[in-house]
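Listed here are the chains, written in short residue letters.
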Amino acid sequence: MSTYTDRDLQAREIITKAVCGKGRKFSQVSHTVVPPHAPTSILGAWIINNQYEAQKAGDSIEVVGTYDINIWYSYDKNTKTDVAKETVSYVDTVPLSYLDKKHRGATAEVSAFATQEPNCIEAVVASSGAGVVIRVEREFKVELVAETKVRVIVSPYDLDDEDKNLDFDAAADDGDYEDLDPDLLEDN
């Protein structure tokens, strides 16, 4: 095993595309839909056609989208049924819990992924009796990919296959990671 001093090592800066920002946001919102007839009871509620796109907004990413709310309800004292449909627009601002401030902003590309598609968790007739209040939950994960610099240490010496285990600082800690909490490590 070879031991190198700091004088023997050189650094290089590599420009590469990397994930320079990440974030996640869960939200619950309420919408009121007013059907053509005053509802007596709710028979079903569902959300379809979720469409969204991501855009950078300062140190956050905005998820801008729409979805259709469909409510199957009875009216006229539970003697008739109908389906009320409404398209809803939304904007979720997702703060970046991690952001590399040294990324090249002009090269930034953002993306969003629905980790939980919008889903109706409750639908009730409004206290006024004229509409339906539905609660929707949704969750998005976002990423910012951009060019950034990575610094690597290079050796000025040719290394043969037998010299793969290099000790860059023999006096340093032996790299024991027993104190790390495995629950804090990401699986990505």
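Residues numbered from 1 in each chain as written. Predicted model: local features only at pLDDT ≥ 70, side-chain atom pairs only at ≥ 80, totals over all residues. Heavy atoms only, no water.

Asks: Looking at this structure, I do not really get the environment of I14. What am I missing?
Replies: Relative to the helices and strands, I14 is located in strand β1 (residues 10–33). Counting along the chain gives 133 residues from I14 to E147, while the straight-line C-alpha distance between them is 9.9 Å. Excluding its chain neighbours within four sequence positions, the residues that come into contact with I14 are T148, K149, V150 and V152. (Helix = DSSP H or I, 4+ residues; strand = E, 2+ residues; numbered from the N terminus. Contact = heavy atoms within 4.5 Å.)

Asks: Got a minute to help me understand the nonpolar core in this structure?
Replies: Side chains that are nonpolar tend, in soluble globular proteins, to be buried together. Membership of the largest hydrophobic core comes to 25 residues, with the highest contact counts inside it found for Y67, I69, I71 and I134. Elements that contribute at least two residues to this core include exactly β1, β3 (60–75), β4 (80–95), β6 (109–125) and β7 (132–154). Apart from the residues lying within four places of it in its own chain, the contact partners of I69 are H31, V33, W46, I47, A84, K85, E86, V88 and I134. (Core = buried A, V, L, I, M, F, W, Y, C linked by side-chain atoms within 4.5 Å. Buried < 20%, exposed > 50% of the residue type's maximum accessible area, 1.4 Å probe, protein only.)

Asks: Any chance you could explain a nonpolar patch on the surface here in plain terms?
Replies: A surface patch of nonpolar side chains, about 420 Å² in accessible area, is lined by L43, W46, I48, W72 and V83. In terms of residue count, the dominant contributor to the nonpolar patch is strand β2 (residues 39–57) (3 residues). (Patch = residues over 30% accessible without salt bridge, like charges linked within 9 Å, V, L, I, M, F, W, Y side chains within 5 Å. Areas by Shrake-Rupley, 256 points an atom, 1.4 Å probe, with all protein chains shown as cover. Salt bridge = Lys/Arg side-chain N within 4 Å of Asp/Glu carboxyl O.)

Asks: What is the right way to look at the sheet that holds β4 in this model?
Replies: Where strands meet in a sheet, backbone hydrogen bonds hold them as pairs that are either parallel or antiparallel. Judged by pairing direction, the sheet is antiparallel, and its 3 strands sit side by side in the order β2-β3-β4 without closing on themselves. Edge positions in the sheet fall to β2 and β4, since each has one partner strand and no second. Averaged over all pairs of adjacent strands, the angle between their axes in this sheet comes to 15°, without regard to strand direction. (Pairing = 2+ DSSP bridges. Axes fitted to C-alpha atoms, helices over the stretch in contact; angles between N-to-C directions.)

Asks: Quick question: what am I supposed to make of the pairing of β7 here?
Replies: In this structure, β1 lies alongside β7, joined through 23 bridges in antiparallel fashion. The residue of β7 that forms the bridge with G23 is V142. The sheet contact formed by β6 and β7 spans 13 bridges and is antiparallel. In the strand pairing of β7, V125 is matched with V132. Hairpin connection from β6 to β7: 6 residues lie between these consecutive antiparallel strands, with G129 at a positive phi of about 85°.

Asks: Would you explain the pattern of salt bridges in this entry?
Replies: Side chains carrying opposite charge are able to pair once their charged atoms draw close together. Inspection of the entire model under this criterion finds 9 salt bridges. Taking the shortest distance from any N to any O, the salt bridge between E147 and R104 comes out at 3.4 Å. With a gap of 43 residues between them, E147 in strand β7 and R104 in the loop between β5 (98–99) and β6 connect regions that are remote in the sequence. Accessibility expressed as a relative area gives 37% for R104, which makes it partly exposed. Two residues, E122 and R135, come together in a salt bridge whose shortest N-O distance is 3.0 Å.

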